[in-house]
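One letter stands for each residue in the lines below.
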Amino acid sequence: MKILIAFILFIIYSPFLLGQEEEYENDNLPIDSTAIIELMSSIDSLNVNYLSELPVFKPDATKALVYSAIFPGLGQIYNRKYWKLPLVYGGFLGCVYAISWNSSQYNGYKQAYGDFVNNTGDSWYPYIPLYLQDSDPSTWDSSTKSRFTNTLKLHRDYHRRNRDLSYIVTVAMYALCMIDAYVDAQLFDFDVSDNLAIKIQPAIFEKTQRNAAAIGFNCSFNF
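Residues numbered from 1 in each chain as written. Predicted model: local features only at pLDDT ≥ 70, side-chain atom pairs only at ≥ 80, totals over all residues. Heavy atoms only, no water.

Asks: Hey, could you run me through a nonpolar patch on the surface in this one?
Replies: Taken together, the side chains of Val 66, Tyr 67, Ile 70, Phe 71, Leu 74, Ile 77 and Tyr 82 define a hydrophobic patch exposed on the protein surface, amounting to about 640 Å² of accessible area. Top element by residues in the nonpolar patch is helix H3 (residues 61–70). It accounts for 3 residues. In this structure, Phe 71 sits in the loop between H3 and helix H4 (74–78). Judged by its relative accessible area of 44%, Phe 71 is partly exposed. (Patch = residues over 30% accessible without salt bridge, like charges linked within 9 Å, V, L, I, M, F, W, Y side chains within 5 Å. Areas by Shrake-Rupley, 256 points an atom, 1.4 Å probe, with all protein chains shown as cover. Salt bridge = Lys/Arg side-chain N within 4 Å of Asp/Glu carboxyl O. Helix = DSSP H or I, 4+ residues; strand = E, 2+ residues; numbered from the N terminus. Buried < 20%, exposed > 50% of the residue type's maximum accessible area, 1.4 Å probe, protein only.)

Written out as structure tokens, the structure reads:
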């Protein structure tokens, strides 16, 4: 912008400058720098006026909330808080991974449990504990089968609970991003002072029906 303004002013003042140059050349005198100084001063003043007329950015809290609801992270981008994006997307990637992994484990143990109980398949073979891998499953007694059945059931329920919990955390993360975008836009121009002074002064407490008159101290914080 500054280069463009300088170019325009140069075109406007070029006849004047060239006329001065020819006049000084005829008199064998050096070119006066006053016109150049005035030109640069005009450029600086125009640049300052242009910057002062630029609108001050103030995010709208409702827009930030809507953008964040449309897609996580858009509210933070609208508020120009780009440093929060790694936290937002890192948290969502972690939730997606937790959902995917626990769902895979849950489906595996669910299928293995059903096949073992109903004797409809052998998907439970990879889940045999180490202390039973050297034995033949056909020779297992009822106690061993019962323990193995309980093990499959416990792992199935464990991963199902973690999968459901991962969904809840994902929804909470989504809501937290919306709240953060809204609150951040509301407090965008909040003045945070560095003055954290404490002021202590005497205070007189008047007599009431329940308490007698007393003298004490009043403590106030400035933040």
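Asks: I'm lost on the nonpolar core in this one. Help?
Replies: One recurring pattern in soluble globular proteins: nonpolar side chains tend to sit buried together. Membership of the largest hydrophobic core is limited to 10 residues, which are Tyr 109, Ala 112, Tyr 113, Phe 116, Trp 124, Ile 128, Leu 132, Trp 140, Phe 148 and Leu 152. Elements supplying a minimum of two residues to this core: helix H5 (85–118) and helix H6 (142–186). With residues up to four places along the chain from it excluded, the contact list for Phe 116 reads Trp 124, Trp 140, Lys 145, Phe 148, Thr 149 and Leu 152. (Core = buried A, V, L, I, M, F, W, Y, C linked by side-chain atoms within 4.5 Å. Contact = heavy atoms within 4.5 Å.)

Asks: Sorry, what's going on with the confidence of the model for the chain here?
Replies: If pLDDT is low for a region, its predicted coordinates should not be looked at in detail. Across the chain, the average pLDDT comes to 78, with 63% of residues at 70 or higher. Low pLDDT, under 50, characterises residues 21–32; the predicted model gives this stretch 5 contacts beyond four residues in sequence or across chains. (pLDDT = per-residue confidence, 0-100.)

Asks: Please explain the side chain of Gln 76 as it appears in this structure.
Replies: When you line up the elements, Gln 76 lands in helix H4. Looking at Gln 76, the relative accessible area reads 2%, which means it is buried. In terms of polar contacts, Gln 76 uses its side chain to reach the backbone carbonyl oxygen of Cys 177, at 3.2 Å. One polar contact links Gln 76 to Asp 180, side chain to side chain, over a distance of 2.9 Å. Those residues in contact with Gln 76 that lie beyond four places of it in its chain are Ser 68, Lys 81, Tyr 82, Lys 84, Leu 85, Val 88, Cys 177, Asp 180 and Ala 181. (Polar contact = N/O pair within 3.5 Å; in protein donor to acceptor, adjacent residues only side chain to side chain.)

Asks: Help me understand unusual backbone geometry, please; the structure alone is not making it clear to me.
Replies: What you tend to see is this: most non-glycine residues have negative phi, and most peptide bonds are trans. Positive phi values are uncommon outside glycine, yet Arg 80 reaches one of about 65°. For Asn 119, which is not glycine, the phi dihedral falls at a positive 55°. Along the polypeptide, Asn 119 turns up in the loop between H5 and H6.

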